[in-house]
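Residues per chain are reported as follows:
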Amino acid sequence: MGAVLTSIVLIPQSYKIIRTRDTQSLSLYMYIIFELSATVWITFAILSNQPAIIVTNSIVAVLASIILILKIINIIKKNEKP
């Protein structure tokens, strides 16, 4: 259940950001750390052969990457604060 919740936690946020392109209230640093965390978990899961952790954190990494990329684009284009 924890793996499922971890995988879907970013879906509503990702959907809203993709739809509105509004990332002003989001922390750039939080999403960088979140992305690094998912990457570390994926690396651990690959090294310890744990497919469930690989899948769940890959989903999280993709969703967090979308948000992070849009945040960076908005910072560059709109002089938005990190």
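What you see is a predicted model, and the numbers here were worked out from it, not measured in a lab.

A.B. asks: Which parts of the structure should I look at to understand the confidence of the model for the protein?
C.D. replies: Should the pLDDT be low somewhere, the predicted coordinates at that spot are not to be read in detail. Residue-level pLDDT values for the protein average 90, and 99% of them are 70 or greater. Mean pLDDT across the elements of the protein bottoms out in helix α1 (residues 2–8) (80) and peaks in helix α3 (residues 28–47) (95).

A.B. asks: What am I meant to see in unusual backbone geometry here?
C.D. replies: Negative phi is the rule for most residues except glycine; trans is the rule for most peptide bonds. One non-glycine residue, R21, adopts positive backbone phi at about 65°. With respect to the secondary-structure elements, R21 resides in the loop between α2 (11–20) and α3. Within the chain, N49 stands out as a residue other than glycine whose phi angle is a positive 55°. On the basis of relative accessibility, which here comes to 63%, the residue N49 falls in the exposed class.

A.B. asks: Would you mind going over the nonpolar core with me for this structure?
C.D. replies: When a protein is soluble and globular, its nonpolar side chains tend to lie buried together. Within the largest apolar cluster, 15 residues are counted, with the highest numbers of intra-cluster contacts made by L10, I17, L26, Y31 and I67. Secondary-structure elements contributing two or more residues to this core are α3 and α4 (51–78). Apart from the residues lying within four places of it in its own chain, the contact partners of L26 are Q13, I17, Y31, I67, K71 and P82.

A.B. asks: Looking at this model, I keep getting lost on the side chain of E35. Mind explaining?
C.D. replies: Its place among the elements puts E35 in helix α3. Buried and unpaired, E35 has K71 as its nearest opposite-charge partner, separated by 15 Å. Look past the residues within four positions of E35 in its chain and what remains in contact with it is A61, A64, S65 and L68.

Rules behind the numbers
Residues numbered from 1 in each chain as written. Predicted model: local features only at pLDDT ≥ 70, side-chain atom pairs only at ≥ 80, totals over all residues. Heavy atoms only, no water. pLDDT = per-residue confidence, 0-100. Helix = DSSP H or I, 4+ residues; strand = E, 2+ residues; numbered from the N terminus. Buried < 20%, exposed > 50% of the residue type's maximum accessible area, 1.4 Å probe, protein only. Core = buried A, V, L, I, M, F, W, Y, C linked by side-chain atoms within 4.5 Å. Contact = heavy atoms within 4.5 Å. Lys, Arg positive; Asp, Glu negative; His and termini not counted. Salt bridge = Lys/Arg side-chain N within 4 Å of Asp/Glu carboxyl O.

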